[in-house]
Amino acid sequence: MAHAHTVPDVKKPSSFDAHHPPEKKLMDDCVHCGFCLPACPTYVLWGEEMDSPRGRIYMMQKAAAGEAPLDARFQLHMDNCLGCMACMTACPSGVQYEKLIEATRPQIERHLPRSVGDSLFRRMLFATFPYAHRLRALAMPMLVYQRSGLQKLVRASGVLKLLPKRLEAMESLLPTVPNSLFTHLPAHVATKKSRRRVGMLSGCVQQVFFQHVNAATVRVLAAEGCEIVIPEMQECCGALMVHSGLENEAMAFAKKMITAFESADVDAIVINAAGCGSTMKQYGHLLRDDAEWAERAAIFSAKCRDIAEFLCELEPVAPRNPLPLRAAYHDACHLQHAQGIHAQPRTMLAGIPELEIAEMPDAAICCGSAGVYNLLHPQTGEELGDRKVDNLLATQAEAVISANPGCLLQLMSGLRRRGLDDMPAFHMVELLDASIRGLAVDELLRQDRSSRVQAN
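Along each chain, the written sequence defines residue order, and numbers are assigned to residues from 1. The model is predicted, so local features are restricted to residues of pLDDT at least 70 and side-chain atom pairs to those at 80 or more, both for listing and for counting; the totals for chains, interfaces and linings are taken over all residues. Note that the side-chain values use all heavy atoms of the structure and ignore hydrogens as well as water.

**Some details on empty space enclosed by the protein**
To find leftover empty space, a probe the size of one water molecule is rolled over the atoms.
Consideration 1: Buried and open spaces are told apart on a 1 Å grid over the protein atoms alone, a cavity being a set of points where a 1.4 Å probe fits but cannot get out and a pocket being an open set with protein on both sides within 12 Å along at least five of seven lines. Residues with an atom within 4 Å of a point are the lining residues. Grid points are joined across faces, edges and corners, and a volume is the space filled by probe spheres set on the points. Applying the stated criterion across every chain yields a total of three cavities of 30 Å³ or more.
Consideration 2: If you add up the space inside the largest cavity, you get close to 120 Å³.
Consideration 3: Lining the largest cavity are 17 residues, with Cys30, Cys36, Ile57, Cys91 and Val95 positioned closest to its centre.
Consideration 4: In this description a helix means any DSSP run of H or I spanning at least four residues, a strand means any run of E spanning at least two, and both kinds are numbered starting from the N terminus. At the level of secondary structure, the elements contributing two or more residues to the lining of the largest cavity comprise α3 (53-64) and α5 (86-90).
Consideration 5: Take the lining of the largest cavity: its biggest share by element is three residues, from α3.
Consideration 6: When its residues are assigned to classes, the lining of the largest cavity shows 13 nonpolar, three polar and one charged.
Consideration 7: Quantified by volume, the second largest cavity comes out at close to 90 Å³. Polarity classes work like this: nonpolar for Ala, Val, Leu, Ile, Met, Phe, Trp, Tyr, Cys and Pro, charged for Asp, Glu, Lys and Arg, and polar for all others, with Gly in that last group.

Set out below in structure tokens:
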């Protein structure tokens, strides 16, 4: 009688290369329970399993086992992910999805080609946004476009609808160019009795187009007795690169940022942009394999604090004056989900007398900004922005607050589509600054309105 021969299973090679592929242990933490589904923006919009976190992890597992290729379909579903990390807040198993998606994206960039148009558009974004001096150069024609009244005319004409959707989205998200375009923050701000010596991130887009937010942050820190160091040589934190799979570029920016702050000898590094903060807190992981930088990165990351997080650790000394205003608070995803900071902004704002904070429905769902996602995927970004504006208007608030410049631009764009472009939108630190300075609500709203008039 012939004996049947069993053919041994041959392990297939992984579709990922050997450089930092998604870790099997982290993928195996996912039990595919489905708690992430109602928290995921793309699943909420489309109901497509492969556009849910567990669906994407399933695709990663198949690719790691060599049972699925890195192909256009794989690229599509990974590109569709906003990286908002709402799934991490919802997950009962503690799946570290951010490490999985941020390991997968560089694999895609190394192995899968993009169309010429997509490649050029991405190259243009990454050659501009991380560089403040280039943004200032770009802002000059924008200033003329906005102040001359041409922007108002162009928007009213409907001609923007004739442009490719990505270019139309870029125009709709243009920030107001400040009159003080070439103003820079001081390198050092001293106080009489220094309670803490802190460093401060000036940012890329933030230092050019959101100077008023940086100025408010400096005033608040100084009022709370902090000596402030703002290194002049600091550049981009690398957040956009991390979120887009450009690992080498992100590491280079991280090293420059660490170097810029090492000689400052500060107790903490205060950050007022949620996306930047989440990346800077992960430098230790980003540079984990670099013998020269791993420890330096971990020390740096341990000092990073969001402005609300930092102020909640510091007993307030500056008096708070009443600010009678009803404002809706929008949780920036990279603050709430990536950094796990939810209570601190509310605690900080609760210290302002007569300020009423309204909570939005579906607050955990992303507004669609997600770094440059709303430029790369304008249709999806717009749908999510419109959902967020619906929830904002349901609160009947007089103004909206957030902790991230991208979110503010996204909300303002969504409000403009509703004909509500005069609704005030503030970074949360601006309200604290106004309260400490004793600014009247009318004056605060007038300042916001005047900046909109300059642009429109």
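**Some remarks on the side chain of Ser52**
Consideration 1: Examined against the element boundaries, Ser52 turns out to sit in the loop between α2 (41-46) and α3.
Consideration 2: Ser52 sits in the buried class, given a relative accessible area of 0%.
Consideration 3: Within 3.5 Å is the distance limit for a polar contact, defined as a pair of N or O atoms, with the added protein rule that one can donate a hydrogen and the other accept it, and that residues adjacent in sequence qualify only through two side-chain atoms. Looking at Ser52, its side chain comes within polar contact range of the main-chain nitrogen of Gly55, at 3.1 Å. Whether a residue is buried, partly exposed or exposed follows from its accessible area with a 1.4 Å probe, protein chains only, as a fraction of its type maximum: under 20%, in between, or over 50%, in that order.

**So, the environment of Ser15**
Consideration 1: Mapped onto the elements, Ser15 comes out in the segment before α1 (24-28).
Consideration 2: We classify Ser15 as partly exposed; its relative accessible area is 24%.
Consideration 3: On a C-alpha basis, the gap between Ser15 and Asp331 in space is 37 Å, while along the polypeptide they are 316 residues apart.
Consideration 4: Among residues more than four places away in sequence, those in contact with Ser15 are Ala63, Gly66, Ala68, Pro69 and Leu70. Throughout, a contact is declared for two residues whenever any of their heavy atoms are within 4.5 Å.

**What about the packing of aromatic side chains?**
Consideration 1: Aromatic pairs are defined between Phe, Tyr and Trp rings, using the six-membered ring for Trp, whenever the two ring centres lie within 6.5 Å; interplanar angles under 30 degrees are classed as stacked, those over 60 as edge-to-face, and all others as tilted. As enumerated under the stated definition, the model contains four aromatic pairs in all.
Consideration 2: Seen in terms of ring centroids, Tyr131 and Phe253 are 5.8 Å apart; in terms of plane orientation they differ by 55 degrees. Their pairing is tilted. Residue Tyr131 is located in the loop between α7 (116-128) and α8 (132-147), and its partner Phe253 is located in helix α14 (residues 247-262); the two are separated by 122 residues in the primary sequence.
Consideration 3: We classify Tyr131 as partly exposed; its relative accessible area is 23%.

**Structural notes on the sheet that holds strand β2 (residues 196-200)**
Consideration 1: An order of β1-β3-β2-β4-β5 is seen for the five strands of this open sheet, with the pairing classed as mixed. Since the sheet does not close on itself, it has two edges, and those belong to β1 (188-189) and β5 (304-306), each with one partner.
Consideration 2: Between any two strands, at least two bridges found by DSSP are needed for them to pair. Here β2 runs beside strand β4 (residues 268-271); their pairing, made up of three bridges, is parallel. Note on β4: the bridge partner recorded for Met200 is Val270.
Consideration 3: Those strands touched by helix α17 (residues 294-303) are β4 and β5, and its axis lies near 25 degrees from that of β5. A fitted line through C-alpha atoms serves as each axis, taken over the contacting stretch for helices, and the angle formed by two N-to-C directions is quoted from 0 to 180°.

**Let's talk about the sheet that holds strand β8 (residues 399-402)**
Sheet strands associate in pairs through backbone hydrogen bonding, adopting either a parallel or an antiparallel arrangement.
Consideration 1: If you trace the four strands from one edge of the open sheet to the other, you get β7-β6-β8-β9, paired in parallel fashion. Of all the strands in the sheet, just β7 (355-359) and β9 (425-427) have a single pairing partner and so form its edges. Averaged over all neighbouring strand pairs, the angle between strand axes comes to 35 degrees, with direction disregarded.
Consideration 2: Where helix α24 (residues 428-437) meets the sheet, its contacts fall on β6 (325-329), β7, β8 and β9, and the angle it forms with β9 comes to roughly 80 degrees.

**Quick notes on the pairing of β4**
Consideration 1: Residues Ala268 and Val270 line one face of β4 and the alternating positions Ile269 and Ile271 line the opposite face, and both faces are buried.
Consideration 2: Judged from the three bridges that link them, β4 and β5 form a sheet pairing that is parallel. Paired with Ile269 across the bridge in β5 is Cys304.

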